[in-house]
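Examination of the molecular architecture
Residues per chain are reported as follows:
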Amino acid sequence: MKGIEDRVGCRALIVLPTYNEADNLEPLVREIMALTVAFDILVVDDNSPDGTGEIADRLAGELSAVHVLHRTGKQGYGTACIAGFLWALDRGYDYILSMDCDFSHHPRYLPIFLELIGDADLVVGSRYVAGGGTVNWGLIRKSISAGGNLFARTMLGLRTRDCTGGFRCYRRDMIEHVPWNDIDVRGYGFLVGAVYHVQRLGGRILEFPIVFEDRRVGQSKMSTAIAFEALSFITRLALAKGRLKPAAATAAARNGTGASRLE
Ligand SMILES: Nc1nc2c(ncn2[C@@H]2O[C@H](COP(=O)(O)OP(=O)(O)O)[C@@H](O)[C@H]2O)c(=O)[nH]1
Ligand SMILES: [Mg+2]
């Protein structure tokens, strides 16, 4: 067990959203604590019926690196991450990570994020760069993910190859500047919104390959409703972006600058 003095100065917080991860939470937290690089952890639990919240409380009582944010009911992955990000800002963390609590995002990759974030504003553990991939995913899940990424990249002009993966590390000032309130989406579409805003703000995004293994235990909360919510969110964002362009172009023409300062 690490004493509190070991944690002083820990600059990186992992936001771990949980819903019914009773079998995964403790093994994952123990693996993260066994790494040579120090991370704090914030579990954001939505009153999981399987008792994940109580396990989180027990771990927080034992380990000074572990913190828990309890929410009253299932409010979605995206809002859980945002709640965690704001919690991290309040407490002065410099690097804020997000990770699934099911070993799909393996803790062995965590130190790489801290190595790369020195040169980036957002680091993405990517399934869609050379060396990355998915293991044990069926054809349908693969197609939804690949199709969703292609759709997001095309509609929004994103350069990031994996816009829907949630294994990430943000630099603090990116978290401060992204307009989270505008990302009005409960599920995974929020990940696309975050990449979109970091790119729009001129942030440097670095990807490195990860192999995403399907969860060993527990159930995925991915659903058709969440996929459609993401598609509709991306479409609305693309339309809003399109509306900005002509207005900016007109203003630029009027001012004689000839170029749009908006993207
Ligand atoms: N707090 C919270 N966590 C959630 C919610 N939905 C999913 N999660 C967590 O978010 C992470 C990703 O969800 P998961 O079901 O693994 O999605 P998949 O990897 O896309 O199949 C997991 O740690 C889930 O427990 C939610 O509504 N609230
Ligand atoms: Mg998962």
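The preceding data block contains the structure.
Residues numbered from 1 in each chain as written. Chains lettered and ligands numbered in written order. Predicted model: local features only at pLDDT ≥ 70, side-chain atom pairs only at ≥ 80, totals over all residues. Heavy atoms only, no water.

**Here we look at the sheet that holds strand β7 (residues 168-171)**
- Ordered by their spatial adjacency, 7 strands build an open sheet running β3-β2-β1-β4-β7-β5-β8, and the pairing between neighbours is mixed. Each end of this open sheet is capped by a strand with a single partner; those strands are β3 (66-70) and β8 (205-209). Going from strand to strand, the sheet's axes swing by 20° on average, the running direction of each strand aside.
- Relative to β8, strand β5 (residues 122-126) runs parallel, the two sharing 5 bridges. Along β8, the bridge assignment pairs glycine 125 with phenylalanine 208.
- Its contacts with the sheet place helix α4 (residues 77-90) against β1 (12-18), β2 (40-45), β3, β4 (95-98) and β7, and it is angled at close to 150° to β1.
- Along the sheet, helix α8 (residues 189-200) makes contact with β5, β7 and β8, crossing β7 at roughly 40°. (Pairing = 2+ DSSP bridges. Helix = DSSP H or I, 4+ residues; strand = E, 2+ residues; numbered from the N terminus. Axes fitted to C-alpha atoms, helices over the stretch in contact; angles between N-to-C directions. Contact = heavy atoms within 4.5 Å.)

**Some points on the nonpolar core**
- Counting residues in hydrophobic clusters, the biggest one holds 38 residues, and the most contacted among them are Phe85, Ile96, Leu156, Leu158, Trp180 and Phe190.
- The set of elements that each furnish at least two residues to this core consists of β1, β2, α4, β5, α6 (139-156), α7 (172-177), α8 and α9 (224-255).
- Broken down by element, the residue count for this core peaks at 8 residues, all from α4.
- Among residues more than four places away in sequence, those in contact with phenylalanine 85 are Val15, Ile96, Ser98, Tyr170, Ile175, Trp180 and Phe190.
- The next biggest cluster of nonpolar side chains, apart from the first, holds 33 residues, and it includes Met33, Val66, Leu110 and Ile210. (Core = buried A, V, L, I, M, F, W, Y, C linked by side-chain atoms within 4.5 Å. Buried < 20%, exposed > 50% of the residue type's maximum accessible area, 1.4 Å probe, protein only.)

**Overview of the pairing of β2**
- Within β2, 6 of the 6 residues are buried, which leaves it mostly tucked inside the rest of the structure.
- Alternating positions in β2 separate into two faces, Asp40, Leu42 and Val44 on one and Ile41, Val43 and Asp45 on the other, with burial throughout.
- Examined bridge by bridge, β1 and β2 share 6 bridges and lie parallel to one another. From the neighbouring strand, valine 15 faces β2, where its bridge partner is leucine 42.
- What joins β1 to β2 is helix α2 (residues 25-33), and the crossover it makes is right-handed. (Right-handed = clockwise from strand over helix to strand, strands pointing away.)

**Examining the site of ligand 1**
- Close to ligand 1 lie 19 residues; Glu21, Asp46, Arg141, Ser220 and Lys221 are nearest.
- Separating an oxygen atom of ligand 1 from a backbone N or O atom of proline 17 is a distance of 2.8 Å.
- Aspartate 102 is positioned with one of its side-chain polar atoms (N or O) 2.9 Å from an oxygen atom of ligand 1.
- Contact with the protein chains hides 97% of the accessible area of ligand 1, taken as 570 Å² for the molecule alone.
- Among the secondary structure elements, those contributing two or more residues to the shell around ligand 1 are β1 and α4. (Near = heavy atom within 4 Å. Polar contact = N/O pair within 3.5 Å; in protein donor to acceptor, adjacent residues only side chain to side chain. Areas by Shrake-Rupley, 256 points an atom, 1.4 Å probe, with all protein chains shown as cover.)

Any link to function would need more than the numbers given here.
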